[in-house]
Amino acid sequence: MAETGIITGEDGKDRCFWHGNLPEYQRYHDEEWGRPVVNDIRLFEKICLEGFQSGLSWLTILRKRENFRAAFAGFDFEKVAKFGDADIERCLADAGIIRHRGKIVSTINNANRAIELRDEFGSLARYFWSHEPTAAERPEIFDLAHLRANPTTAASVRISKDLKKRGWTFVGPTTVYAFMQAMGLVNDHIEGCYCRKEVKAMRCALVRP
């Protein structure tokens, strides 16, 4: 990896380093990561999966994502909120996901909290995008040094504290920042990555909820 944090793929395109040119991870980087999301189900899915990812690599979760979707009713939080003890045991017996009781229970809890949040704000998207960092909170140049020095941000700390007050679990500042990066609330493709300009254009065109 170059000191810039940019690597060149076999297709000649310059990208952020972290996908390591692994085909499925590179596809996630190119097609999903950082592209703004305003769909409530996808937002709920991502914040739950970031909780499951804690202590693991995102690639591990990515490879199990379809299994997670099957186990958690497509992350429809209305359905997940109704999960009971039998569903917890079912998930604990599912070798296709991360069998961590605390994180499974957290997902069910957070589904109930998501319903409350939607009822209060109209949508999860409206809540999360209301916390989008201002230009003043963002670096003028987003480079590898800034990425490495900032595993959390003021905005992710604010969101984390607010979610915890509302009863959410497994939503620490680092988890929330990873969620913000993936869902496009910030554009953290490193300068020089070809996706950065594409994501910038998408964010500029986005009608905020």
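Further up the page is the structure itself.
These remarks concern the structure in this document. None of these values were measured; they are calculated from a predicted model.

### Side note on the packing of helix α1 (residues 23–31) against helix α3 (residues 58–71)
The N-to-C vectors of α1 and α3 enclose an angle of 90°; their axes lie 11 Å apart at closest approach. By the angle class used here, α1 and α3 are roughly perpendicular. Between α1 and α3, the contacting residues are Glu24, Tyr25 and Tyr28 on the first element and Trp58, Leu59, Leu62, Arg63 and Arg65 on the second. Residue composition of the contact of α1 with α3, by class: 5 nonpolar, no polar and 3 charged.

### Focus on helix α9 (residues 154–165)
Taking 1.5 Å as the rise per residue, α9 with 12 residues should run 16 Å; its terminal C-alpha atoms sit 17 Å apart, in good agreement. Those residues of α9 that fall on the buried side of the exposure criterion are Ala155, Ser156, Ile159, Ser160 and Leu163. Around the axis of α9, the buried residues are gathered within 130° of arc, so they sit on the same side. Exposed and facing more than 90 degrees away from the buried side of α9 are Lys161 and Lys165. Buried residues along α9 sit against α2 (40–53), α6 (101–121), α7 (124–129) and α10 (173–183).

### Things to note about the pattern of salt bridges
The final tally for this structure, using the stated rule, is 21 salt bridges. Across the pair Arg208 and Glu132 runs a salt bridge, and its minimum N-O distance is 2.8 Å. Here Glu132 lies in the loop between α7 and α8 (144–149) and Arg208 lies in the segment after α11 (194–205), a separation of 76 residues in the sequence. On the basis of relative accessible area, Glu132 is assigned to the buried category, the value being 19%. Note that Asp162 and Arg166 form a salt bridge whose closest N and O atoms lie 2.9 Å from each other. With relative accessibility at 21%, the residue Asp162 sits in the partly exposed group. Through salt bridges with shared partners, a single ionic network connects Asp11, Arg15 and Asp30.

What counts, and where the lines are drawn
Residues numbered from 1 in each chain as written. Predicted model: local features only at pLDDT ≥ 70, side-chain atom pairs only at ≥ 80, totals over all residues. Heavy atoms only, no water. Axes fitted to C-alpha atoms, helices over the stretch in contact; angles between N-to-C directions. Helix = DSSP H or I, 4+ residues; strand = E, 2+ residues; numbered from the N terminus. Parallel < 35°, antiparallel > 145°, perpendicular 65-115°, else oblique. Contact = heavy atoms within 4.5 Å. Nonpolar A, V, L, I, M, F, W, Y, C, P; charged D, E, K, R; others polar. Expected span 1.5 Å × (residues − 1). Buried < 20%, exposed > 50% of the residue type's maximum accessible area, 1.4 Å probe, protein only. Arc of directions from axis to C-beta. Salt bridge = Lys/Arg side-chain N within 4 Å of Asp/Glu carboxyl O.

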